[in-house]
Amino acid sequence: MQGWPVARAGMVIGLLGGSFDPAHAGHAHITREALKRFGLDRVWWLVSPGNPLKPRGPAPLAERMAQARAVMRHPRVVISDLEARMGTRLTADTLQGLQARYPGVRFVWLMGADNLAQFHRWDRWQWIMTHVPVGVLARPGAGVRGRTSRAAQSFAGARVPGALAETLGRQAAPAWCFVDVPMVDLSSTEIRARGDWRRPGG
């Protein structure tokens, strides 16, 4: 699979998906924290062609990929356009495609606590929870909505204690772990609002 990331059976790969419109230091920071806290061998950024939950399309994929590579320079992080290659936009479809193409590789879905709070709105969210471990990252004191969300309550029995976070990728799904991390206070929305990132027609 020329141009696709390389992974061997037995590796634990964290997946950080999003539109990255634009990628910024906050994304890079939580990626480094995820590598450390969840004991991951690699993290792949899945720069999405578009987010089905957002009404307005993002900047062109090539521009977002270039910005992501400029922001995230780490030997164990891959910036990818895998969803565009596979023709998927929904996380469940992406995960199914990756599991089929990388047999024996253990994937961990990474998300912020804000995403966990509305995770039940995602297409086939329960399938995601039962097929890959999920690592949730939040800034201290800002994760109440995530911890009390419908998804968290539905899978309360599958929660892995923070003290065992490094084992998450070796756990059988459903398994999810919530960790507090120091967080760079940036958001793509704020960057766009300041006019620091141009968008199509902007």
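Residues numbered from 1 in each chain as written. Predicted model: local features only at pLDDT ≥ 70, side-chain atom pairs only at ≥ 80, totals over all residues. Heavy atoms only, no water.

K.L.:
Got a minute to help me understand the overall build of the protein chain in this structure?
P.N.:
Helix and strand content of the protein chain: nine helices and seven strands. Residues classed as buried in the protein chain amount to 49% of the 202 residues present. In the protein chain, the share of contacts with a sequence separation of at least 24, taken over all contacts with a separation of at least 6, comes to 78%. Surface summary for the protein chain: the accessible area is close to 9600 Å², and the carbon and sulfur share equals 49%. (Helix = DSSP H or I, 4+ residues; strand = E, 2+ residues; numbered from the N terminus. Buried < 20%, exposed > 50% of the residue type's maximum accessible area, 1.4 Å probe, protein only. Contact = heavy atoms within 4.5 Å. Areas by Shrake-Rupley, 256 points an atom, 1.4 Å probe, with all protein chains shown as cover.)

K.L.:
Would you mind going over the side chain of Thr 88 with me for this structure?
P.N.:
Relative to the elements of secondary structure, Thr 88 occurs in the loop between helix 3 (82–86) and helix 4 (91–101). In this structure the side chain of Thr 88 is engaged in a polar contact, spanning 2.8 Å, whose partner is the side chain of Thr 94. Residue contacts for Thr 88: discarding those within four places in its chain leaves Pro 49, Glu 83, Asp 93 and Thr 94. (Polar contact = N/O pair within 3.5 Å; in protein donor to acceptor, adjacent residues only side chain to side chain.)

K.L.:
Would you take a moment to explain helix 1 (residues 25–37) for this structure?
P.N.:
Quick reminder: α-helices carry 3.6 residues per turn. Residues three or four places apart thus point the same way. When the terminal C-alpha atoms of helix 1 are compared, their 18 Å separation across 13 residues agrees well with the 18 Å that a helix rising 1.5 Å per residue should span. All of the buried residues along helix 1 are Gly 26, His 27, Ala 28, His 29, Ile 30, Thr 31, Glu 33, Ala 34 and Leu 35. Once helix 1 finishes, Gly 39 follows within two positions and takes phi at roughly 60°, a positive value. (Expected span 1.5 Å × (residues − 1).)

K.L.:
Any chance you could explain the sheet that holds strand 5 (residues 134–138) here in plain terms?
P.N.:
Across a sheet, paired strands are connected by hydrogen bonds in the backbone, their directions being either parallel or antiparallel. Ordered by their spatial adjacency, seven strands build an open sheet running 3-2-1-4-5-7-6, and the pairing between neighbours is parallel. Two strands bound the open sheet, and with one partner strand each, they are strand 3 (77–80) and strand 6 (159–160). Of the pairings in the sheet, the one linking strand 5 to strand 7 (residues 176–180) comprises five bridges and is parallel in character. Looking at strand 7, one finds that Val 136 is bridged to Phe 178. On top of the sheet, helix 1 reaches strand 1 (12–18), strand 2 (42–47), strand 3, strand 4 (106–112), strand 5 and strand 7; it is set at about 145° to strand 2, its chief contact. (Pairing = 2+ DSSP bridges. Axes fitted to C-alpha atoms, helices over the stretch in contact; angles between N-to-C directions.)

K.L.:
Help me understand the pattern of salt bridges in this model?
P.N.:
Side chains that differ in charge, positive against negative, can pair when their charged atoms come close. Going through the model one piece at a time under the given rule, you end up with three salt bridges. We note a salt bridge from Lys 36 to Glu 33, for which the minimum N-O separation is 3.6 Å. A residue pair is termed a helical-turn pair when its members lie 3 or 4 positions apart in one helix, as Lys 36 and Glu 33 do in helix 1 at three residues. Ionic pairing is found between Arg 124 and Asp 93, a salt bridge with its closest N-O pair at 2.7 Å. Of the two residues, Arg 124 sits in the loop between helix 5 (113–117) and helix 6 (125–131) while Asp 93 sits in helix 4, which places them 31 residues apart along the sequence. The class for Arg 124 is partly exposed, based on a relative accessible area of 32%. (Salt bridge = Lys/Arg side-chain N within 4 Å of Asp/Glu carboxyl O.)

K.L.:
Hey, could you run me through the pairing of strand 7 in this one?
P.N.:
On a regular strand, each side chain points to the face opposite its neighbour's, so the side chains alternate between the two faces of the sheet. Within strand 7, four of the five residues are buried, leaving the element largely enclosed by the surrounding structure. Relative to strand 7, strand 6 is paired through two bridges, and the arrangement is parallel. Its bridge partner being in strand 7, Val 160 is matched across the sheet by Cys 177.

K.L.:
Before we go on, may I ask you to explain the nonpolar core in this structure?
P.N.:
Soluble globular proteins tend to pack their nonpolar side chains together in the buried interior. Membership of the largest hydrophobic core comes to 35 residues, with the highest contact counts inside it found for Leu 15, Trp 44, Phe 107, Trp 109, Leu 116, Phe 119 and Trp 176. In terms of residue count, the dominant contributor to this core is helix 6 (four residues). In this structure Trp 44 touches Pro 5, Val 6, Ala 7, Ile 13, Gly 14, Leu 15, Leu 16, Val 78, Leu 82, Leu 98, Tyr 102 and Phe 107, once residues within four positions along its chain are discounted. Counting residues in each nonpolar core, the second largest holds 28 residues, with Val 12, Ala 23, Phe 38 and Val 179 among its members. (Core = buried A, V, L, I, M, F, W, Y, C linked by side-chain atoms within 4.5 Å.)

K.L.:
Sorry, what's going on with the pairing of strand 5 here?
P.N.:
Most of strand 5 sits inside the fold, with five of its five residues counted as buried. Across four bridges, strand 4 lies against strand 5 in parallel orientation. Its bridge partner being in strand 5, Trp 109 is matched across the sheet by Val 134.

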